[in-house]
Amino acid sequence: LAKAIFALFNLSKGKHYLILDRTNWQWGKRNINILMLCIAYKKIGIPIFWVMLNKRGNSSTRERIALVNRFIRIFGKAPIAGLLGDREFIGKDWFGYLKRENIVFYFRIKKDADTQNVRGQSVQAGWLFHDAQINVVKPLKGLRRVYGHLLFITGMRLLDGEFLIIVSNSDTDCAIEIYGQRWEIETLFGCLKSKGFCFEETRLTEYARVKKMVGVLALAFCIAYKTG
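These notes cover the structure that comes with them. No experiment lies behind these values; they were computed from the predicted model shown.

### Overview of the nonpolar core
Residues Ile34, Ile46, Ile48, Phe71, Leu83, Trp94 and Phe107 are the most contacted members of the largest nonpolar core, which totals 78 residues. The element best represented in this core is strand β2 (residues 30–41), accounting for 9 residues. Among all residues touching tryptophan 94, those that are not within four sequence positions of it are Leu20, Thr61, Arg64, Ile65, Val68, Leu83, Phe89 and Phe107.

### Topic: helix α6 (residues 207–227)
Taking 1.5 Å as the rise per residue, α6 with 21 residues should run 30 Å; its terminal C-alpha atoms sit 30 Å apart, in good agreement. Along α6, the positions that sit buried rather than exposed are Tyr207, Val210, Val214, Gly215, Leu217, Ala218, Phe221 and Cys222. Buried residues along α6 sit in contact with α1 (2–8), β2, β3 (44–52) and α5 (184–192).

### Quick notes on the pattern of salt bridges
It is possible for side chains bearing opposite charge to pair when their charged atoms get close. The final tally for this structure, using the stated rule, is 8 salt bridges. When the shortest N-O distance is used, the salt bridge between lysine 77 and glutamate 101 registers 2.7 Å. Separated by 24 residues along the polypeptide, lysine 77 in the loop between α2 (61–75) and β4 (80–85) and glutamate 101 in the loop between α3 (92–100) and β5 (105–109) bring together distant segments of the chain. With a relative accessible area of 35%, lysine 77 lands in the partly exposed category. A cluster of three or more residues bridged by salt bridges with shared partners is formed by Asp21, Arg182 and Glu186.

### Considering unusual backbone geometry
Where the residue is not glycine, phi is negative for most of them; where a peptide bond is considered, it is trans in most cases. Positive phi values are uncommon outside glycine, yet asparagine 135 reaches one of about 60°. Residue class for asparagine 135 comes out partly exposed when judged on its relative accessible area of 45%. Positive phi values are uncommon outside glycine, yet tyrosine 147 reaches one of about 50°. With respect to the helices and strands, tyrosine 147 occurs in the loop between β9 (144–146) and β10 (149–157).

### As for the environment of lysine 110
Its location among the elements puts lysine 110 in the loop between β5 and β6 (114–116). Excluding its chain neighbours within four sequence positions, the residues that come into contact with lysine 110 are Arg87 and Ala125.

### What to know about empty space enclosed by the protein
Here the idea is plain: a probe the size of a water molecule rolls over the atoms and shows the empty space left. Evaluation of the coordinates by the stated rule reveals 1 cavity of 30 Å³ or more. Contributing to the lining of the largest cavity are Thr23, Ile34, Met36, Phe189, Leu192, Lys193, Phe199 and Val214. In terms of residue class, the lining of the largest cavity is built from 6 nonpolar, 1 polar and 1 charged.

### Some words on the pairing of β2
Across the 12 residues of β2, 11 count as buried, placing the element largely inside the fold. Pairing of strand β1 (residues 16–27) with β2 involves 10 bridges; the strand directions are antiparallel. Within β2, the position partnered with glutamine 26 by the bridge is asparagine 31. Note: β2 against β3, 8 bridges, orientation antiparallel. From the neighbouring strand, leucine 35 faces β3, where its bridge partner is valine 51.

### Here's the deal with the side chain of histidine 16
Mapped onto the fold, histidine 16 is located in strand β1. A distance of 3.2 Å separates a polar side-chain atom of histidine 16 from the backbone oxygen of lysine 13. The residues touching histidine 16, leaving out its near neighbours within four places in the chain, are Leu11, Ile39, Pro79, Ile80, Ala81 and Gly82.

Procedures and definitions
- Residues numbered from 1 in each chain as written.
- Predicted model: local features only at pLDDT ≥ 70, side-chain atom pairs only at ≥ 80, totals over all residues.
- Heavy atoms only, no water.
- Core = buried A, V, L, I, M, F, W, Y, C linked by side-chain atoms within 4.5 Å.
- Buried < 20%, exposed > 50% of the residue type's maximum accessible area, 1.4 Å probe, protein only.
- Helix = DSSP H or I, 4+ residues; strand = E, 2+ residues; numbered from the N terminus.
- Contact = heavy atoms within 4.5 Å.
- Expected span 1.5 Å × (residues − 1).
- Salt bridge = Lys/Arg side-chain N within 4 Å of Asp/Glu carboxyl O.
- 1 Å grid on protein atoms, 1.4 Å probe; cavity = no way out; pocket = protein on both sides within 12 Å on 5 of 7 lines; lining within 4 Å.
- Points joined across faces, edges and corners; volume = space filled by probe spheres on them.
- Nonpolar A, V, L, I, M, F, W, Y, C, P; charged D, E, K, R; others polar.
- Pairing = 2+ DSSP bridges.
- Polar contact = N/O pair within 3.5 Å; in protein donor to acceptor, adjacent residues only side chain to side chain.

Printed below as a string of structure tokens:
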């Protein structure tokens, strides 16, 4: 199915950003928790691989690595421009895996994440952007240690006063812009759930059936989007 979707959008040509995210809901006492790997494509997320998480809450490093390895095993690393993810996709072992595999990544971190100032002193990441202006991107010079790894940090202050702080193993001033493509998977989830296919109303709770239904919806969504 992943190969069919890849061919449908001719994704074998060029490089694309992968997006890692979860969607979850509860039916009765049953938690439906899906970890999905998508490709950012023209303002939408194209579903490629997914796994059912037999639990509530975040995925583990092992589960994320298995999903990325599945992509690499089928399509190789050549199509990967980078990997994008929100604040739950962080951690020393996870970043270490991506660096060993030479996969460029852009992940948002929490404002209280521990890092370093220019003097090498331990500070919270948000402190580095206390003087940042609203919607003005501020890339920091040099590498800073975050979650046990030397990474590049870029941040900005949002309209609501929150910070958008991105760490990457790539030195670029476009980290915020690249990370912005992560929202394309939210558009996909919206279409699969409340804005189109109404996935949450299927009442399916058996994991094997839910996983197959994701495949049906993924293919239907891709055909509909391609047609439109």
